[in-house]
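Summary of the model geometry
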Amino acid sequence: MTSGVRYMLCNKCPSSLSLQDKQYVGFATLPNQVHRKSVKKGFDFTLMVAGESGLGKSTLVNSLFLTDLYKDRKLLNAEERINQTVEITKHTVDIEEKGVKLKLTIVDTPGFGDAVNNNECWKPITDYIDQQFEQYFRDESGLNRKNILDNRVHCCLYFIPPFGHGLRPVDVEFMKALHEKVNIIPLVAKADCLTPNEIKKLKDRVRDEIERFGIKVYQFPECDSDEDEEFKQMDKELKECTPFAVIGSNTVVEARGQRVRGRLYPWGIVEVENQSHCDFVKLRNMLIRSHMHDLKDVTCDVHYENYRAHCIQEMTSKLAQDNRIDSPIPILPLPTPDAETERLIKMKDEEVRIDNYSLIYSSVAPSYRCFDSESLKKA
Ligand SMILES: Nc1nc2c(ncn2[C@@H]2O[C@H](COP(=O)(O)OP(=O)(O)OP(=O)(O)O)[C@@H](O)[C@H]2O)c(=O)[nH]1
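These numbers were taken from a predicted model, which means no experiment stands behind them.

Considering the packing of aromatic side chains
- This structure, assessed with the given rule, holds six aromatic pairs.
- Ring centres 5.8 Å apart and planes at 50° place the aromatic pair Phe133 and Tyr304 in the tilted group. Taken together, the positions of Phe133 in helix H6 (residues 123-141) and Tyr304 in helix H11 (residues 292-321) put the pair 171 residues apart, joining distant regions of the chain.
- Among the residues examined, Tyr304 registers a relative accessible area of 1% and is labelled buried.

Some details on empty space enclosed by the protein
- A complete count under the given rule lists two cavities of 30 Å³ or more for this structure.
- Approximately 40 Å³ is the volume attributed to the largest cavity.
- In this structure, the largest cavity is lined by Phe231, Met234, Asp235, Leu238, Ser290 and His291.
- A per-element tally of the lining of the largest cavity places helix H9 (residues 229-241) first, with four residues.
- Residue composition of the lining of the largest cavity, grouped by class: three nonpolar, two polar and one charged.
- Around the second largest cavity, the lining residues are Gln132, Gln135, Tyr136, Asp139, Leu149, Asp150, Asn151 and Arg152.

Considering a nonpolar patch on the surface
- Together, Val25, Phe27 and Leu30 give the surface a local cluster of nonpolar side chains, amounting to about 300 Å² of exposed area.
- Within the secondary structure, Val25 is located in the loop between helix H2 (19-22) and helix H3 (30-41).

Topic: the nonpolar core
- Membership of the largest hydrophobic core comes to 73 residues, with the highest contact counts inside it found for Leu157, Phe174, Ile185, Phe244 and Leu283.
- Once residues lying within four places of it in the same chain are set aside, the contact partners of Leu157 are Leu47, Met48, Val49, Ala50, Leu60, Leu64, Ile185, Leu187, Leu283 and Leu287.

What to know about the sheet that holds strand E4 (residues 155-160)
- Within the open sheet, the six strands sit side by side as E2-E3-E1-E4-E5-E6. Their pairing is mixed. Every interior strand has two partners, whereas the edge strands, strand E2 (89-97) and strand E6 (244-245), have only one.
- Here strand E1 (residues 43-50) runs beside strand E3 (residues 100-108); their pairing, made up of seven bridges, is parallel. Note on E3: the bridge partner recorded for Val49 is Asp108.

A closer look at unusual backbone geometry
- Of the consecutive residues Thr242 and Pro243, the connecting peptide bond is found in the cis state with omega at -5°.
- We note that Lys98 has phi near 45°; this positive angle belongs to a residue other than glycine.

Brief notes about the packing of H6 against helix H7 (residues 169-178)
- At a closest axis distance of 10 Å, the pairing of H6 and H7 adopts a crossing angle of 15°. Judged by the inter-axis angle, H6 sits roughly parallel to H7. Two packed elements cross with a definite hand, and for H6 against H7 that hand is right-handed. Contacts from Ile125, Thr126 and Ile129 in H6 reach Phe174, Ala177 and Leu178 in H7.
- The residue makeup of the contact of H6 with H7, split by class, is five nonpolar, one polar and no charged.

A look at helix H8 (residues 196-212)
- Here H8 is 17 residues long and its end C-alpha atoms lie 24 Å apart, about the 24 Å a rise of 1.5 Å per residue gives.
- Regarding H8, the residues found buried are Ile199, Leu202, Lys203, Val206, Glu209 and Ile210. One side of H8 holds all its buried residues, which, seen down the axis, span an arc of 135°. Across H8 from its buried face, at more than 90 degrees, point the exposed residues Asn197, Lys200, Lys201, Asp208, Glu211 and Arg212.
- Positive backbone phi, at 65°, marks Gly214, one or two positions downstream of H8.

Examining the pairing of E3
- Taken together, the nine bridges between E2 and E3 define a ladder with antiparallel strand orientation. Each residue of the ladder has a partner; that of Asp94, found in E3, is Lys103.
- Counted between consecutive antiparallel strands, the loop separating E2 from E3 contains two residues, among which Lys98 sits at a positive phi close to 45°.

A look at the pattern of salt bridges
- Scanning the model with the defined rule gives 20 salt bridges in all.
- Between Asp44 and Lys296 there is a salt bridge, with its nearest N and O atoms 3.3 Å apart. Residue Asp44 is located in strand E1, and its partner Lys296 is located in helix H11; the two are separated by 252 residues in the primary sequence.
- The class of Asp44 is partly exposed, set by a relative accessible area of 26%.
- Its salt-bridge partner being Glu271, residue Arg256 comes within 2.6 Å of it at the nearest N-O pair. In this pair, Arg256 is assigned in the loop between strand E7 (252-255) and strand E8 (258-265) and Glu271 in strand E9 (residues 268-271), connecting sequence segments 15 residues apart.
- Under the relative-accessibility criterion, Arg256 is labelled exposed at 61%.
- Look at Glu271 and you get buried, because its relative accessible area is 8%.

Observations regarding the UniProt feature "site: Important for dimerization" (unreviewed entry) in the protein chain
- According to UniProt, the "site: Important for dimerization" (unreviewed entry) feature falls on Phe163.
- With respect to the element layout, Phe163 can be found in the loop between E4 and H7.
- If near-sequence neighbours (up to four positions away) are discounted, Phe163 is found in contact with Leu55 and Cys193.

What counts as what
Residues numbered from 1 in each chain as written. Predicted model: local features only at pLDDT ≥ 70, side-chain atom pairs only at ≥ 80, totals over all residues. Heavy atoms only, no water. Phe/Tyr/Trp six-rings, centres within 6.5 Å; stacked < 30°, edge-to-face > 60°. Helix = DSSP H or I, 4+ residues; strand = E, 2+ residues; numbered from the N terminus. Buried < 20%, exposed > 50% of the residue type's maximum accessible area, 1.4 Å probe, protein only. 1 Å grid on protein atoms, 1.4 Å probe; cavity = no way out; pocket = protein on both sides within 12 Å on 5 of 7 lines; lining within 4 Å. Points joined across faces, edges and corners; volume = space filled by probe spheres on them. Nonpolar A, V, L, I, M, F, W, Y, C, P; charged D, E, K, R; others polar. Patch = residues over 30% accessible without salt bridge, like charges linked within 9 Å, V, L, I, M, F, W, Y side chains within 5 Å. Areas by Shrake-Rupley, 256 points an atom, 1.4 Å probe, with all protein chains shown as cover. Salt bridge = Lys/Arg side-chain N within 4 Å of Asp/Glu carboxyl O. Core = buried A, V, L, I, M, F, W, Y, C linked by side-chain atoms within 4.5 Å. Contact = heavy atoms within 4.5 Å. Pairing = 2+ DSSP bridges. Axes fitted to C-alpha atoms, helices over the stretch in contact; angles between N-to-C directions. Parallel < 35°, antiparallel > 145°, perpendicular 65-115°, else oblique. Left-handed = near helix turned anticlockwise from the far one by under 90°. Expected span 1.5 Å × (residues − 1). Arc of directions from axis to C-beta. UniProt positions renumbered as here; feature names shortened; annotations may be inferred.

Here is the structure:
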């Protein structure tokens, strides 16, 4: 069998294979196969931006992805804003770079923090994140688990105003309400309004307050010990630089004989991509080049898993309260599967154990059944 595979791979007669060829089974090509498959499938990423109006959210997103995602945006006047509640809007673009396709979804939260009374203004945002988890949970429990549309929010860029002395109560409350549900990356907005010294002070203060209030912002994963020195240095700088101080601009200006994205002031030019002016490049590299996959992994393995466990636990305790243990609870009315699907899904039936209860998903029924330990033995 192995020599047959070798023969096919090398397109040579087995007897004419060199020693090196003979020791080559072929699983070294597995990464290439995964690479080809994922490039063909394309990638998706959902980014949420939050922070009060006018902090430069849309400008920064356009600068990050070099696209105009907010063409149809309607700016409200003060009177309209008084009555505005927090809305959730979605913009999706398909971008392609060197044959790699990315479906980028930006979730904006206009109206957040703009009202006279901002009590619980983060509620529509937390509800939105939960709804995406709920939809995913349902799709995952359905028959067609292969082509699930993943709308879960992978990252939230939270804009902190540059004008205050650290976090405001609304910033603390917002981050605390969301930190168990999404990867929060705090940003100091419009950093060109501050001197380098002021930026440093504000960053120190924000970092202290994040720790003091027990806010869990996105943690960069630890660097592997076998990584090269350059990578380790980059990783260290990234960790020290949070919250990122950013500047956005939709215009291209001329600076030092070059056309650059920047902001032209009577006293000089602020360059968005100049690392001595702001942390824009670090943020973009982190978000797109180095940590996009980790942000998706943390969303799936931590935030979604928490949601899923919480849901199952709630269902179990509700059943225990209602004394309905041992009775089937259909959560998803699904069509009767055909013979082949039935055979496949039978192999995948899952059991989840919580305390003394076992929750068994029967995809054939299809329903969840909940048993206490005793009835499970009988079942
Ligand atoms: N000084 C400075 N101004 C900026 C920066 N980014 C954006 N602006 C300006 O700030 C104003 C508001 O920017 P937007 O990007 O529309 O702000 P927003 O947060 O998307 O506003 P809403 O859509 O109302 O939530 C515009 O006049 C921008 O040109 C920045 O980094 N520095």
